[in-house]
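So you can see what is in the structure, the chains are spelled out below.
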Amino acid sequence: MSSILTHLSPHSLYQSILSNNMGNKLKGAKRQNDKLVTSPNAKKVKLNNQTPKVTQKDSDSSSEDLSVSEEEESEEDEGSASESDDLDDDELDDLDEDELDQDELDELDDVEVGDHEEEKENQPKPVDPSKKTSREQHSEQRKLLSDRKLQRKSGAKVQDIKKLWEKLRVNQPAPTKAQRDKLCDEIWELSHDVINDLVLKHDASRVVQTLVKYSNKERRDKIVDALKGSFYQLATSAYGKYLLIKILHYGSKEARAVIVDELHGKLRKLMRHREGAYVVEDLFVLYSTAAQKQQMIREFWGSEYAVFRDSGKGKTVVDIIRESSEKKQLIMQNLYGTIKASVEKGSTGFQILHAAMKEYVSILIENIDANESAIRDFIDLLSEQFAELVHTQEGSEVACCLIALANAKERKGIIKSLKTHRQELIKNEYGNVVLITLFMAVDDTVLTYKSFCSEMFTSEELPPLAQDKFSRRPILYILRGLDGKYFAPNVKQALLKYQELAYKKTSKKDKDIKRQELFDKSIEPIYKALLESRESGEFDKLLSVNIGAQFVTDLLTTPTTNERVNTKYRPELLDTFFDKIIKGDVLEDYHLLNKTPFMSRSVKALMHGNQFKFNNEAKKLIQVEDAVEIPGVGVVFAEKTVDEILNDDKLSNWTSGQPAFVLVAAYEVLQLANSKKTKTLQQQLKREKKNLSKEDKGSNLLLELI
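Residues numbered from 1 in each chain as written. Predicted model: local features only at pLDDT ≥ 70, side-chain atom pairs only at ≥ 80, totals over all residues. Heavy atoms only, no water.

**Student:** Describe the overall build of the chain, listing the residues and the values that go with them.
**Tutor:** The number of helices and strands found in the chain is 43 helices and two strands. Counting the 706 residues in the chain, one finds 46% classified as buried. Of the contacts made within the chain by residues no fewer than 6 positions apart, 68% connect residues no fewer than 24 positions apart. (Helix = DSSP H or I, 4+ residues; strand = E, 2+ residues; numbered from the N terminus. Buried < 20%, exposed > 50% of the residue type's maximum accessible area, 1.4 Å probe, protein only. Contact = heavy atoms within 4.5 Å.)

**Student:** Summarise unusual backbone geometry; cite the residues concerned and give the values.
**Tutor:** Across the junction of Gln 172 and Pro 173, the peptide omega takes the value -10 degrees, indicating a cis bond. As for its position among the elements, Pro 173 is in the loop between helix H10 (155-168) and helix H11 (177-191). Look at Lys 619: it is not a glycine, yet its phi comes out positive at around 60 degrees. As for its position among the elements, Lys 619 is in the loop between strand E1 (612-615) and strand E2 (620-623).

**Student:** Before we move on, could you go through the UniProt feature "repeat: Pumilio" (unreviewed entry) in the chain and cite the residues and values that matter?
**Tutor:** Mapped onto this structure's residue numbering, the UniProt feature "repeat: Pumilio" (unreviewed entry) falls at residues 189-225, 226-261 and 262-298. Here residues 189-225 is 78% helix and 0% strand, with 16 Å between the C-alpha atoms at its ends. Secondary structure content for residues 226-261 is 72% helix and 0% strand, while the C-alpha to C-alpha distance between its ends is 16 Å. (UniProt positions renumbered as here; feature names shortened; annotations may be inferred.)

**Student:** Go over the pattern of salt bridges with me, naming the residues and quoting the values.
**Tutor:** All told, the structure shown has 27 salt bridges when counted by the stated rule. Close ionic contact of Glu 455 with Arg 422 constitutes a salt bridge, the shortest N to O distance being 3.0 Å. One end of the pair, Glu 455, is in the loop between helix H30 (445-453) and helix H31 (462-466); the other, Arg 422, is in helix H28 (residues 422-427), and 33 residues separate them in sequence. Note that Glu 538 is salt-bridged to Lys 541, the shortest N-O span being 3.6 Å. Pair noted here: Glu 538 and Lys 541 are both in helix H35 (residues 538-543), with a separation of three residues, about one helical turn. On the basis of relative accessible area, Lys 541 is assigned to the partly exposed category, the value being 46%. Salt bridges here are not isolated pairs; linked through shared partners, they connect Asp 369, Glu 372, Arg 376, Glu 410 and Lys 505. (Salt bridge = Lys/Arg side-chain N within 4 Å of Asp/Glu carboxyl O.)

**Student:** For the confidence of the model for the chain, give the residues involved together with the corresponding values.
**Tutor:** With 79% of its residues at a pLDDT of 70 or more, the chain has an overall mean of 80. Segment residues 1-115: pLDDT under 50, and 115 contacts once partners within four positions in sequence are set aside and those in other chains are kept. (pLDDT = per-residue confidence, 0-100.)

**Student:** Requested: an account of the pairing of E2, with residues and values cited.
**Tutor:** Bridge count between E1 and E2: four bridges; the pairing is antiparallel. Each bridged residue has a counterpart across the sheet, and for Phe 612 the counterpart in E2 is Gln 623. Between the end of E1 and the start of E2, which pair antiparallel, lie four residues, with Lys 619 showing a positive phi angle near 60 degrees. (Pairing = 2+ DSSP bridges.)

**Student:** So, the environment of Phe 487: which residues are in play, and what are the values?
**Tutor:** With respect to the secondary-structure elements, Phe 487 resides in the loop between helix H32 (472-480) and helix H33 (489-505). Once the C-alpha coordinates of Phe 487 and Leu 476 are considered, the two residues, eleven residues apart in sequence, prove to be 9.6 Å apart. When near neighbours in sequence (up to four residues on either side) are disregarded, Phe 487 contacts Ile 436, Arg 473, Tyr 477, Gly 481, Leu 482, Lys 492 and Leu 495.

**Student:** Tell me about the packing of helix H29 (residues 431-441) against H30, residues and numbers included.
**Tutor:** The description of two helices packed together rests on the angle between their axes and the distance between the axes. Relative orientation of the contacting elements H29 and H30 amounts to 155 degrees, with a least axis distance of 9 Å. One element, H29, and the other, H30, form an angle in the roughly antiparallel class. Note on packing geometry: the crossing formed by H29 with H30 is left-handed. When H29 is examined against H30, the residues Leu 435, Leu 438 and Phe 439 are found in contact with a partner set consisting of Thr 448, Phe 452 and Cys 453. (Axes fitted to C-alpha atoms, helices over the stretch in contact; angles between N-to-C directions. Parallel < 35°, antiparallel > 145°, perpendicular 65-115°, else oblique. Left-handed = near helix turned anticlockwise from the far one by under 90°.)

**Student:** I'd like a description of the packing of aromatic side chains, backed by residues and values.
**Tutor:** Under the criterion given, the structure shown has seven aromatic pairs. Every member of this aromatic cluster is reached through a ring pair, and the members are Tyr 336, Tyr 360 and Phe 378. Sitting above the plane of the Tyr 214 ring, Arg 180 keeps its charged end 4.1 Å from the centroid. Sitting above the plane of the Tyr 503 ring, Lys 511 keeps its charged end 5.2 Å from the centroid. (Phe/Tyr/Trp six-rings, centres within 6.5 Å; stacked < 30°, edge-to-face > 60°. Lys NZ or Arg CZ within 6 Å of the ring centre and 35° of its normal.)

**Student:** Pulling in residues and values, what's your account of the side chain of Ser 362?
**Tutor:** Residue position: Ser 362 is located in helix H24 (residues 351-364). Residue Ser 362 is classed as buried on the basis of its relative accessible area of 19%. Within the local environment of Ser 362, its side chain forms a polar contact with the backbone oxygen of Glu 359, the two atoms lying 2.5 Å apart. Those residues within four positions of Ser 362 in sequence are excluded, and the remaining contacts are Val 317 and Val 318. (Polar contact = N/O pair within 3.5 Å; in protein donor to acceptor, adjacent residues only side chain to side chain.)

**Student:** Just give me the short version of the side chain of Ser 205, but keep the residues and values in it.
**Tutor:** Mapping Ser 205 onto the fold places it in helix H13 (residues 202-214). A distance of 3.4 Å separates the side chain of Ser 205 from the backbone oxygen of Tyr 239, its partner in a polar contact. Apart from the residues lying within four places of it in its own chain, the contact partners of Ser 205 are Leu 198, Val 199, Tyr 239, Gly 240 and Leu 243.

As structure tokens, then:
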């Protein structure tokens, strides 16, 4: 590098220094000489200021590296430095960009970069002889950890037990039962006298869990006996809780009773503990009898019921508070304190907590006016976590009661917290009851429709919802109200109770007007969603499911004053239904009347409409007086069906099986309506009399009619 700089002219040296200072800015761009200022002094300043700083690493790696300061230049090459310093102002002014040789600059750059990289690669890195390799460090750490474990109480024995456990827990290939029993015996022989030293440790606790899983009843009982007095400690341990749950899962009824008895009196404290709450929840939901559950709930009433387990036995919390007002205040304080602490700990979704909430709510609704302040506080505590209540039966009851007790502002907050969980809410066995309660209680039907129905009544969501046992109920409530056909007596009774509670305090709008407003907003979107679902095939899937076909039938037979529905959407949906059910070769297996036996009931329902119904006492079809006529169904649908069958000479195909029941329904409707087509159908059936069989139920009914 020094020899190159010595043979460069001052002109070329200046360009090399400038190239070094500017980096890559000169390459591929217009030369920068015309940008230099005209003042000679200014040029020198610019030249000195443009030079890059040299790091200590660079100065160490290369003795020939170019530098800005004159001292470093003199150290590297005195000739080059003197030539650079001898450049006076006039010579700088005389530098012309035409004289600059770009190839020479590029060559100098390449030489410098190459020299730097080569020297850095060739320079050996210093090695610290005292520094250990990563493998050696890890080996020492493992040895240190192993020594620490051995120094613990029963450390050597624990290590031997773990070696056996490693063989016991292998799944591929799994040990035989004989091998497993032998390993369990060996582990128990080593661990039975140090069991309490194992259960609270991370790895050793897993050994005992596996032992509990694969041991027989006698040994499990021995483990329970050995751990007596330690169950509370296990419940509050990050590792011990898993062993306790394992014992509850695999243990006998007697073992569970021992655990329940030992934890009695400590449940309220455990519910406030992050680890213990999960044990109490599993104990309540999965492993307790009905009597034990009642005993656990009574413990939340207060210390008296925690100490004396038979205190209050056979009585409800309402019975207790009616006996003494002092006990009422104490029980309310204890219940609310436990609930609040658990909610703040994040245990709102626990079923045992929902059971405690149910007890508290039953006290609140006993006297709404006297408990006004407590009601407001309780709703405020749970309003943002309402969605965590609706998945259990007890939580659903609490949610419904609080919706009924809430004022208008509080109900808006509840709706806001629930609408983001709309799909889970409507599909849940208990959540759909909460949604129906909202429909019944909230006066602002615009808010409830926008929050839950507007996105529900789409071609993507409606068909799956309509064919689900639980999610269809809120939709059917909008269409038909609390029809006993869809709501079991206990569900209907509970909903009416919530409605009555709502109208005691907050709800004002008439019940029928409220549902009618929801109906008017929903009916057209429901029809449009079903019609749009034809393209994706969802409508066909809906008809192939019993409750789905029933939903479509109920929709078509529900009267409405909406003109667009009556003149456009219902006729279009009826035509679609007719094309898929009545038209086609009814003898083929793929035809819906053969493929889905329940389809004949749907056709029968469309023929009856609102005009006819079956009288159970008289055992025959009767005509309904003052019935609301629905366009396209009833007699009109029956006549259309008969015309389709007779015009194509298909009658013989319809005289047996499920199609025969369709003909029976059509004949009965036309006969009661005094239709002219009754006689025509009767004559055609008489011609087919020889093909009618008494062995077939549908054919036999046709024989009786003609």
